[in-house]
Amino acid sequence: MTDTPSTPDTPEDSGERIAKVLAHAGIASRREAEKLIEAGRVSVNGETLKTPAFKVRAGDDVRLDGESIGARPPTRVWRYHKPVGLLTTHSDPQGRETVFQALPEDMGRVISVGRLDLNSEGLLLLTNDGELARVLELPSTGWTRRYRVRAYGHATDKALAELEKGTTVDGVVYGPIEVSVDRRTGANVWLTVGIKEGKNREVRKVLQSVGLTVNRLMRVAYGPFQLGSLKRGDVSEAKLGVLRDQLGKLYPLDNGGLPLKPGEIAQPDTRTGTAKAKPKANRSHGKPGGKSKSGPDPDSIMPAGGKSKSTKGWAKAKPKANEKPKSKRADPKKSGGKSSEGKRDADRRRRP
């Protein structure tokens, strides 16, 4: 192992920390990247690093286990419906199956945004950008993780309401937790739970403290992203336009999907201009605010003002056109009963 290359004596904005570079490349999260460096697996310009306190400049050759990490790829995010029985880890000492073993190989290396434990299911966000994963996991980001929960036991409405003030369980302090009772079936109760911190087994531990044992837990939303009708084991990638809209100033991206540097301003995506005009007009039927076909998938993004109207109703227009001949008959209310012409028609139809 060689000595760690010295950090150049240059301004602070002359480079990025090595852990951040590895995270952006989708190699690992910042914390995991630091472990890789401590293990002597990372080198810059042929010299093995011993500390993460090193800045990488443009043109530096960064390698992991002797292989170049390559150019930084655009930021990508996927929704994944995690089934019960998979671990959210890249490797398990006990040899149990993991989420990342079950994913399609063509996705490349990805990182999970937070975790779902072995017996939990539902929405798991995946990304190739470790820095983005770190940002979305922070409680300060303010994104709510929402769960559908079935639990056994009895807890008063007062005890559940008190959780909105936060609680402490076994010395661990938990922030405000939103709990609403959907229905009670015998000794089981169905709940909708919202949290912002996502600590280890938070929902299970907090509900246990008020007398409820969770026997099914499904995450249905992470911030604006929803599980929707995504089937177990399926993966769906979010479009770049959706990412730019939902991440906004939290993690601004340029038109190519790369994170903007401090001070840079996101430019509007000119590729989504006039080509969308016609689909938008057809879907909105002249109503203001109608969404174009190329907009965010309502099944994967939390609607801003409730559920969007279904377009299936428009198919009823044709049957109405076929009913026009009926309107030519005399109005029973005006004629005092059925018209004589209509009665004669009915008599002719009954004749053999």
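Rules used in this analysis
Residues numbered from 1 in each chain as written. Predicted model: local features only at pLDDT ≥ 70, side-chain atom pairs only at ≥ 80, totals over all residues. Heavy atoms only, no water. Helix = DSSP H or I, 4+ residues; strand = E, 2+ residues; numbered from the N terminus. Buried < 20%, exposed > 50% of the residue type's maximum accessible area, 1.4 Å probe, protein only. Contact = heavy atoms within 4.5 Å. Areas by Shrake-Rupley, 256 points an atom, 1.4 Å probe, with all protein chains shown as cover. Pairing = 2+ DSSP bridges. Phe/Tyr/Trp six-rings, centres within 6.5 Å; stacked < 30°, edge-to-face > 60°. Lys NZ or Arg CZ within 6 Å of the ring centre and 35° of its normal. Core = buried A, V, L, I, M, F, W, Y, C linked by side-chain atoms within 4.5 Å. Salt bridge = Lys/Arg side-chain N within 4 Å of Asp/Glu carboxyl O.

Enquirer: Is there a simple way to think about the overall build of the protein in this case?
Expert: Scanning the protein from terminus to terminus reveals eleven helices and 17 strands. Counting only residues that meet the buried cut, the protein has 35% of its 352 residues in that class. Taking contacts inside the protein between residues at least 6 apart in sequence as the whole, the part at least 24 apart equals 65%. Split by element, the accessible area of the protein, about 21800 Å² in all, is 50% carbon and sulfur.

Enquirer: Before we go on, may I ask you to explain the sheet that holds strand β6 (residues 67-68) in this structure?
Expert: Backbone-to-backbone hydrogen bonds pair the strands of a sheet. The strands run either parallel or antiparallel. Strand order in the open sheet formed by four strands is β3-β2-β5-β6, and the pairing between neighbours is antiparallel. Since the sheet does not close on itself, it has two edges, and those belong to β3 (47-48) and β6, each with one partner. Summarising the sheet, strand β2 (residues 42-44) and strand β5 (residues 62-64) pair through three bridges and their orientation is antiparallel. Within β5, the position partnered with Val 42 by the bridge is Leu 64.

Enquirer: Just checking my understanding: could you explain the pairing of strand β10 (residues 145-153) for this structure?
Expert: A regular strand places its side chains on the two faces of the sheet in alternate fashion. Of the two faces of β10, the one lined by Arg 145, Tyr 147, Val 149, Ala 151 and Gly 153 is fully buried and the one lined by Arg 146, Arg 148, Arg 150 and Tyr 152 carries no buried residue. Where β10 and strand β14 (residues 188-195) come together, eight bridges link them in antiparallel fashion. Opposite Arg 150, over in β14, you have Trp 190 as the bridge partner.

Enquirer: Help me out: how do you make sense of the packing of aromatic side chains in this one?
Expert: The way to describe two aromatic rings as a pair is by their centre distance and the angle between their planes. This structure, assessed with the given rule, holds two aromatic pairs. Judged by centre distance (6.4 Å) and plane angle (70 degrees), the ring pair of Trp 143 and Tyr 222 falls under edge-to-face. Of this pair, Trp 143 sits in the loop between α4 (130-137) and β10 while Tyr 222 sits in strand β15 (residues 212-222), and the two are 79 residues apart along the sequence. Seen from their ring centres, Trp 143 and Phe 225 are 6.1 Å apart, and the 50 degrees between their planes marks the pair as tilted. With Trp 143 in the loop between α4 and β10 and Phe 225 in strand β16 (residues 225-226), the pair connects residues that are 82 residues apart, well separated along the chain. A single burial state applies to Trp 143 and to Phe 225, both of which are buried. Grouped by ring-pair contacts, the aromatic residues Trp 143, Tyr 222 and Phe 225 constitute a single cluster. Here Lys 199 stacks its cationic end above the ring of Tyr 174, 5.4 Å away from the centre of that ring.

Enquirer: It is not clear to me how the pairing of strand β9 (residues 121-127) should be interpreted in this structure. Could you clarify?
Expert: With seven of seven residues buried, β9 lies mostly within the body of the structure. Looking at chain direction, strand β7 (residues 77-82) and β9 are connected through six bridges and run antiparallel. When the sheet's bridge partners are listed, Arg 79 is paired in β9 with Leu 125. As paired strands, strand β8 (residues 111-112) and β9 are joined by two bridges and run antiparallel to one another. Bridged to Ile 111 within β9 is Thr 127. Two elements, β9 and β15, share two bridges in a ladder whose sense is parallel. Its bridge partner being in β15, Glu 121 is matched across the sheet by Met 218.

Enquirer: Teacher, can you tell me more about the nonpolar core here?
Expert: A general tendency of soluble globular proteins is for nonpolar side chains to be buried together. The biggest cluster of nonpolar side chains holds 32 residues, and the ones touching the most others in it are Leu 126, Val 149, Leu 160, Leu 191 and Leu 207. Counting only elements with at least two residues in this core, the list comes to β7, α3 (99-102), β9, β10, β14, α6 (202-209) and β15. Among the elements that make up this core, the one with the highest residue count is β14 (four residues). Here Leu 207 is in contact with Val 149, Leu 160, Leu 163, Leu 191, Leu 212 and Val 214, once residues within four sequence places are set aside. Grouped together as the second largest cluster of nonpolar side chains are 22 residues, Val 113, Leu 227, Leu 230 and Ala 238 included.

Enquirer: What's the story with the environment of Ile 265 in this structure? I'm lost.
Expert: Among the structural elements, Ile 265 can be located in the loop between α7 (240-247) and α8 (277-284). Between the C-alpha atom of Ile 265 and that of Lys 249, which follows or precedes it by 16 residues, the distance is 9.9 Å.

Enquirer: I would appreciate a short explanation of the pattern of salt bridges in the present structure.
Expert: Close approach of charged atoms allows side chains with opposite charge to pair. Taken as a whole and assessed by the stated rule, the structure comprises 15 salt bridges. One network of salt bridges, in which partners are shared, links Asp 117, Arg 201 and Arg 204.

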